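Now for the letters of each chain:
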Amino acid sequence: MAVTAIVAITACKPPLVDFSKSATTGSLRVTVSNAINSRTLLPNIDMSAAAYTVTGTGPGSATFILTSTGEPVSKDRLAFGTWTILVNATNTSGQLIGSGTATAQLTTGETTSVSVTVTPIEGTGTLNLAVSWPESQVQTPSVSAD
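Residues numbered from 1 in each chain as written. Predicted model: local features only at pLDDT ≥ 70, side-chain atom pairs only at ≥ 80, totals over all residues. Heavy atoms only, no water.

**Notes on the nonpolar core**
Phase 1: L28, V30, V54, F64, I85 and V87 are the most contacted members of the largest nonpolar core, which totals 22 residues.
Phase 2: For this core, the secondary-structure elements that each account for two or more residues are β1 (25–34), β2 (51–57), β3 (63–68), β4 (73–79), β5 (81–90), β6 (96–106) and β7 (111–120).
Phase 3: Not counting the four nearest positions on each side in its chain, F64 is found in contact with L28, V54, T55, G56, K75, L78, W83 and I85. (Core = buried A, V, L, I, M, F, W, Y, C linked by side-chain atoms within 4.5 Å. Buried < 20%, exposed > 50% of the residue type's maximum accessible area, 1.4 Å probe, protein only. Helix = DSSP H or I, 4+ residues; strand = E, 2+ residues; numbered from the N terminus. Contact = heavy atoms within 4.5 Å.)

Here it is as C-alpha cells:
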C-alpha cells in the first residue's frame, strides 16, 4: 500500500508555471514632445534639439538610459512599480537646451506608454528693447514698464 502512495505522488506533476522575467516585468514606451521653441524669447544659441537622453529610475534603484533623435523609445523587462522618466535635450554642440519629466506606473506583462514634454531650461537673462516713433506724431513721449 505504501508503494501505491509513492507512485501516485510522483505520477502527478504540478502545472507548468513560467517564471521567466517577462512574467514579472513590464515594458515602457516613451514619447517625447518637443516644446523648446514654443517661447519667443530664446537664448543666443542653437535651440534645435538634435538628441534626447531618456533616463529612467524605478523600484529598487533600478535605472536605464536610452538615446533618441526624437522617435519614441522602448525598454523591456523593467521591474513593475513606479518609474520616474527624465528626458534631456541637447543641440548639435551637445549643449543642454531643454528637459522634462514624467512618472509611469508599470504593470507586469503590459506595455505602459508615457509622454514627456521637453521645455527650455529655465534661467534668467537680459532683454534689450528699443522703442522709437515718429517725433511729429507724438506730443508727449513716455515709456513705462511694470
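**Some thoughts on the confidence of the model for the chain**
A low pLDDT score tells you not to read the predicted coordinates there in detail.
Phase 1: When pLDDT is averaged along the chain, the result is 83; 83% of the residues meet or exceed 70.
Phase 2: Low confidence marks residues 1–21, where pLDDT is under 50. Its contacts with residues over four positions away, or in another chain, come to 2 contacts. (pLDDT = per-residue confidence, 0-100.)

**Overview of a nonpolar patch on the surface**
Phase 1: A contiguous nonpolar patch, built from L41, L127, L129, V131, W133 and V143 and spanning about 680 Å² of accessible area, is present on the exposed surface.
Phase 2: Positionally, W133 belongs in the segment after β7. (Patch = residues over 30% accessible without salt bridge, like charges linked within 9 Å, V, L, I, M, F, W, Y side chains within 5 Å. Areas by Shrake-Rupley, 256 points an atom, 1.4 Å probe, with all protein chains shown as cover. Salt bridge = Lys/Arg side-chain N within 4 Å of Asp/Glu carboxyl O.)

**Considering the side chain of N91**
Phase 1: In this fold, N91 is placed in the loop between β5 and β6.
Phase 2: Given the relative accessible area of 3%, N91 is considered buried.
Phase 3: A polar side-chain atom of N91 sits 2.9 Å from the main-chain carbonyl oxygen of D46.
Phase 4: There is a polar contact of 3.0 Å between the side chain of N91 and the backbone nitrogen of Q95. (Polar contact = N/O pair within 3.5 Å; in protein donor to acceptor, adjacent residues only side chain to side chain.)

**A look at the pairing of β1**
Phase 1: Alignment of β1 against β4, held across 5 bridges, turns out to be antiparallel. Along β4, the bridge assignment pairs L28 with K75.
Phase 2: Pairing of β1 with β7 involves 8 bridges; the strand directions are parallel. Counterpart to S27 in the pairing with β7 is T111. (Pairing = 2+ DSSP bridges.)

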